[in-house]
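Coordinate analysis (summary)
What follows is each chain in one-letter form.
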Amino acid sequence: MGYKPIILERGRAVRQRTKDTFGFWRQRRLDPESNVQFGEGGAGTFSDGKLYSQISDPRHLGRKVLEEFVRAGAPEEILYVAKPHIGTYRLVSMVESMRETVESLGGEYRFGCRVDDIEIVDGQVRGVVLADGAVIRTDHVVLAVGHSARDTFEMLHRRGVYMEPKPFSIGARIEHPQSIIDAARFGPQAGHPLLGAADYKLVHHCSNGRTVYSFCMCPGGTVVAAASEPGRVVTNGMSQYSRNERNANAAIVVGITPADFPDSSVLAGVALQRHWEERAYVAGGATYDAPGQLVGDFLARRPSTQVRGALPSYTPAVHLTEIDACLPDYALAAMREALPAFDRKIPGFAMDDAILTAVETRTSSPVRITRGEDGQSLNTRGLYPAGEGAGYAGGILSAGVDGIRAAEWVALAFGPA
Ligand SMILES: Cc1cc2nc3c(=O)[nH]c(=O)nc-3n(C[C@H](O)[C@H](O)[C@H](O)COP(=O)(O)OP(=O)(O)OC[C@H]3O[C@@H](n4cnc5c(N)ncnc54)[C@H](O)[C@@H]3O)c2cc1C
């Protein structure tokens, strides 16, 4: 449309970010500004790159997102297969290609540019302040900071931007040998090259009123260290396009609401996430190893001492112990009820040797930065909260769709370039 947006990204360009992230996974060197959550490409860059969503999309904006991805180098099959995915390595080069397109159209990227403050005068955005003190004057800011920008949420709260706490889910990653999942899903055809690695989606409604479900299932993938803050451990999952690693992994998570948060403040969900991530860090030995426990031991309430069967894939390493210290009692009770129920759907799911790695806390944003019909913050004109951090997306595709909507709202308010 002829606009020349400036993209302010706290993290580094994707190649450098990849090195920083591997530095954490291999050498425990966490860079709080360049990691699985932060840097060019956002949270989905080191992922399975699953591209399906349950959002209502009457204008088929998801199709536009997929077409842009194909232009950037995604396999064409994502336009027609039922559950498209891209895998980590391809995502990295696609992110670079999309940057080149944006730049060729007049956009500008600034890496290592963290927005630390926002200037609001009489309820209207007038500019942003960067970490180095530089000020950029503007009346239009699209705020798409993701679910892990806790310092940014704190700043917005201090500035009085309207936000509310919102539900999310917590739990742990589970890993099985992929062959167990393939056998349960494909029967005698398991292992057939045309079928590839099987996936699953499970839900169980517990007697304590909680719902437990599988989330972000990664067939033939690995569990990844997804921390962005020192002294905290968080898990997530990723795969390559081939999905041919030995294990299947998924988060097994329990839905929680603001009623479970420690208090009624807007950022209480962030406090809850931090609390359990710190407990996981300590339980893992305070080295960024993640605490892990075999499913048989978890169900029998005894610590694990030795892996058998599925080798955990999380790096730097999994520290075998008990994960009870890393999650609230209601979540543990719900998971203990759900695992045998899941085993009835996928025989072997609650096998003794499957591994739980804790803790999974960043399933979605703990806040909503509420916006009105015009896409602007309820009380701050010119601020367009968008994507997952604002509570309006839950994955790569839905965040892309929301990005299109945000761009349209800015264009409507801004007028012709
Ligand atoms: C390991 C992993 C695997 C995943 N797998 C999948 C999957 O297979 N499929 C799927 O659909 N979803 C997956 N997700 C979720 C998906 O990545 C997110 O839903 C999606 O990236 C949200 O997009 P977003 O643009 O809203 O936010 P993000 O992608 O989080 O982007 C926010 C960006 O803002 C930057 N930022 C934050 N604060 C500031 C600031 N103050 N100043 C400047 N820049 C800032 C961050 O560095 C980041 O680049 C996965 C997530 C992770 C972590």
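The structure displayed is predicted, hence computed values, not measured ones.

1. Remarks on the pattern of salt bridges
For the coordinates displayed, the defined rule picks out 36 salt bridges. Residue Glu360 pairs with Arg173 through a salt bridge whose shortest N-O separation is 3.0 Å. Here the residue Glu360 occupies a position in strand E16 (residues 355–360), and Arg173 occupies one in strand E8 (residues 168–177), the gap between them amounting to 187 residues. Classification of Arg173 by relative accessible area gives buried; the value is 0%. Of the charged contacts, one joins Asp260 and Arg210 as a salt bridge, the two residues approaching to 2.8 Å between their closest N and O atoms.

2. Regarding the domain arrangement of the protein
Here the protein is described as being made up of domain 1 (6–164 + 367–414) and domain 2 (167–360). Spacing between the C-alpha centres of domain 1 and domain 2 amounts to 26 Å. Contact with domain 1, which involves 32 residues of that partner, is made by 32 residues of domain 2. Of the roughly 2,800 Å² buried between domain 1 and domain 2, counting both surfaces, carbon and sulfur atoms make up 55%. Contact with domain 2 buries surface across domain 1, with Trp25, Arg28 and Arg150 losing the most and accounting together for 27% of the total. One can count 6 salt bridges joining domain 1 with domain 2. Among the salt bridges present, the one from Lys83 reaches Asp199, with a minimum N-O distance of 3.0 Å. Counting across the domain 1 and domain 2 interface gives 18 residue pairs in polar contact (both at pLDDT 80 or more). Listed by contribution, the elements that provide at least two residues to the side of domain 1 that touches domain 2 are helix H1 (14–27), helix H3 (88–104) and helix H4 (150–158). If you tally residues by element for the side of domain 1 that touches domain 2, the top one is H4, at 4 residues. Of the residues in the side of domain 1 that touches domain 2, the class split is 14 nonpolar, 9 polar and 9 charged.

Analysis parameters
Residues numbered from 1 in each chain as written. Predicted model: local features only at pLDDT ≥ 70, side-chain atom pairs only at ≥ 80, totals over all residues. Heavy atoms only, no water. Salt bridge = Lys/Arg side-chain N within 4 Å of Asp/Glu carboxyl O. Helix = DSSP H or I, 4+ residues; strand = E, 2+ residues; numbered from the N terminus. Buried < 20%, exposed > 50% of the residue type's maximum accessible area, 1.4 Å probe, protein only. Domains from an automatic or database assignment. Contact = heavy atoms within 4.5 Å. Buried area = accessible area lost by both parts, 1.4 Å probe. Polar contact = N/O pair within 3.5 Å; in protein donor to acceptor, adjacent residues only side chain to side chain. Nonpolar A, V, L, I, M, F, W, Y, C, P; charged D, E, K, R; others polar.

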